[in-house]
Every structure is written in structure tokens, then in C-alpha cells.
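Close look at the chain arrangement
Now for the letters of each chain:
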Amino acid sequence: MKTFKKVLLVGVIVLIVVVCVAISLTIGWRPFIGPRARPLTSRQFERTPQRVERGRYIFNFLAACTDCHSRHDTKQHLAPVIAGAEGSGQVLPFGGLPGRVVAPNLTPDPSTGSGLWTDDQIARSIREGIGHDGRALFPIMPYGFYREMSDEDLASVVVYIRSLAPVVHALPKTEIIFPVKYLIRSAPQPITRPVTSPDPSNQIQWGAYLVKMAACGDCHTPQVRGAFVPGAAFSGGNVFKGEEGTVASANITPDSSGISRYDDSVFIAAFRTGYVGTRPLNAVMPFEYYGGMSNDDLKAIYAYLRTLQPVKHIVDNSQPPTYCKLCRNMHGGGEKN
């Protein structure tokens, strides 16, 4: 009996060790103990007209925050933002999400918006993925890219959010299904170092910075179960279900199946008009927001994209969806890859 108990005890200890090692090597311990989060500070960003204007540009155009954080009139073409609802939040209408994901009311209404949040609570949410209430944000909010947002641009966004007209708009809480609600706790990462932006006179480096702020890679890199497909960066094939139907993101690498035939005028016209030549863009691509960017910024983005590794990946939304071996998604032209 004593021998049996010893064997059982050893077996339990071995099992515990194996489980601990397995957790450490796979999902990690954050799903169990909560996300990494730095302590909040009492910092307040100085309100200046320059910051309000820069924040307006980032919020409305470069990062297109308005698109997710505003209600839209879905009965109209391109589903424009409802007048007076800018920044007041919405339940995200995209299909395929693991539960109900809510883009919160960012206007400074004290009862339903950000009026009682501190500057640092907003800043930590944007770049570090920790909500004002301490929870990990679902990473459809692209804080993994916003980590590279400079301290000055971050301050400008917060100052602009503070300048919005308060809108009373109560929203339900985000409810993510099990086990995703715990797995996303691994995504947030604290920032404890200064973050600067490159010199805009260096077009390629500036374009790389803008691409991160616009989170282009988030939509234009195929994903499987929330993980980017290795070797397929910016090659498209990510499938979205929106108000205008199901569509796959385009290949924007400089391959013949991507944007190699574009010049910067075609690229800019796509954002200004919503058309690539005679082909209309699907409204799930918020071109009407990105189209508000300056010519210089759009040219910098195009110049940077031209430096990417070309990836041969045919994505053709005019064709019925078929299985693609490269990105492991179903999209038009998939069988040709």
C-alpha cells in the first residue's frame, strides 16, 4: 500500500510538472493570471491646437478610429457615419468574431463615454491593449501595431478625443466566448520606454511608420485562428464578412499578383475614389477615411509597400471562393495558388 501511494504521488508530481511545462511552452500563464499591465500614471497631456489637429488627422484618417468607434447608416451607400455619432462607439457588425465585440464610446460623456477616464487610461488602451477597467482588449483593436505610435502622436490622439463633443450612447459590454476570452490575455504588452517617430523626409521609413499606424498588415496579412501565416505578410486573403458581403483583402506586395502594376497615382486614386481603375473597392476597406490622408503620406505608404518581399498570392474577389493552400482560407482565385 505504501509503495502504491509513493508511485501515485510521484505520478501526480510528474503530471503537474508536465502540465506546467506544456503551459509554459504553449499558451503561457497569462490566460490564468491575467494580462501584463504597467501601473497607471497621473500624466496629463497638454492641450494645444497643434495636438488637436494632429490627433484629428490620425483619428479620422490615418488610423481610421472613426470607422470602428462610430455608428453607421447601413441603409446608405458605403454606410456613412451618422451625423453627430462620431466616436460614440458601436457593437462591431463583422461576422466571424468570437462573441460580441464593442468599440466603446470615446466621447467625453461621463456616464456612457470616456469622461471619467484618465489620459493615461486612454493612452494605455491605445498602445498597450489594456482597457480602462484593466481587462485585455480583443485585438481587433490593433494595439499590436499602435505600440509603434510615437509618444507625441499618442498625446495628440488623446487630446483630440478629449475635444470631441460628448455623446450619450450606452453600449453593452464586450463578451468574448471561452476560451478566447482568456487566451487574449497574452496579447497586451506594457510600454515603458520612449517611442519616437522617424523623420518624414525619409520617405521609406516614414511610410513604414504610417503603415503600422494604419494597421495595414492586420487586414492584408492572412490569418489562421488569429495567427499570421508565416511568409505571407501583406499578401492578402484575409476574409471579412461585412455589410456589402464577404470579401478577401488584396495582395499589396509588389508581386505580379499584387500591386506591381500600380504607380503611385493609381494607388492614391484608389483611396480618393474607391476604385482601382474600373473595379470598385468593398466598403469593408475604409478607403473613405484613408482617402483623407495627404498625398505625401499616401505616396510614402506606396513607396514603402514597393520595398516589401513580393509574395505570389492570387486573390480575386470577382471569382467564387475556393480553398487556398497558401493562406488556408477560402477566397476567390484560391485554387490558383
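For the structure itself, consult the block above.
Here we summarise the structure given alongside this text. (Residues numbered from 1 in each chain as written. Predicted model: local features only at pLDDT ≥ 70, side-chain atom pairs only at ≥ 80, totals over all residues. Heavy atoms only, no water.)

**A look at the packing of aromatic side chains**
The tally for this structure, following the rule as stated, stands at 7 aromatic pairs. Taking 6.3 Å as the distance between ring centres and 80° as the angle between the ring planes, the aromatic pair formed by Phe271 and Tyr290 counts as edge-to-face. In this pair, Phe271 is assigned in helix H11 (residues 264–273) and Tyr290 in helix H12 (residues 287–290), connecting sequence segments 19 residues apart. The same class applies to Phe271 and to Tyr290, which are both buried. Taken together through their ring pairs, the aromatic side chains of Phe267, Phe271, Tyr290 and Tyr302 make up a single cluster. (Phe/Tyr/Trp six-rings, centres within 6.5 Å; stacked < 30°, edge-to-face > 60°. Helix = DSSP H or I, 4+ residues; strand = E, 2+ residues; numbered from the N terminus. Buried < 20%, exposed > 50% of the residue type's maximum accessible area, 1.4 Å probe, protein only.)

**Describing the environment of Leu305**
Along the chain, Leu305 falls in helix H13 (residues 295–305). Along the chain, Leu305 and Met293 lie 12 residues apart, while their C-alpha atoms are 16 Å from each other. Leave out the neighbours within four places in its chain, and Leu305 touches Val211, Phe234, Ile252, Pro254, Ile259 and Phe267. (Contact = heavy atoms within 4.5 Å.)

**Thoughts on unusual backbone geometry**
A cis amide bond, omega 0°, links Phe178 with the succeeding residue Pro179. One can find Pro179 in the loop between strand E4 (175–176) and helix H8 (180–183). Unusually for a residue other than glycine, Phe234 sits at a positive phi of about 65°. Of note, Phe234 is situated in the loop between strand E6 (227–228) and strand E7 (239–242). We classify Phe234 as buried; its relative accessible area is 12%. The phi dihedral of Arg328 falls on the positive side, at around 60°, and the residue is not glycine. If you trace the backbone, Arg328 turns up in the loop between strand E11 (321–323) and strand E12 (330–332).

**Comments concerning the side chain of Arg124**
One can find Arg124 in helix H5 (residues 119–128). As a buried residue without a salt bridge, Arg124 has its nearest oppositely charged side chain in Glu128, at a separation of 5.7 Å. In contact with Arg124, other than residues within four places in its own chain, are Ala37, Arg38, Leu40, Gly129, Ile130, Gly131 and Gly134. (Lys, Arg positive; Asp, Glu negative; His and termini not counted. Salt bridge = Lys/Arg side-chain N within 4 Å of Asp/Glu carboxyl O.)

**Examining the pattern of salt bridges**
Side-chain pairs of opposite charge can arise where the charged atoms are in close proximity. Under the counting rule described, the total for this entry stands at 10 salt bridges. A salt bridge links Arg38 to Glu128; its shortest N-O distance comes to 2.9 Å. With a gap of 90 residues between them, Arg38 in the loop between helix H2 (30–33) and helix H3 (49–62) and Glu128 in helix H5 connect regions that are remote in the sequence. Glu128 carries the same exposure label as Arg38, and that label is buried. Between Asp133 and Arg135 there is a salt bridge, with the nearest N and O atoms lying 3.0 Å from each other.

By themselves, these are just geometric observations and shouldn't be taken as functional.
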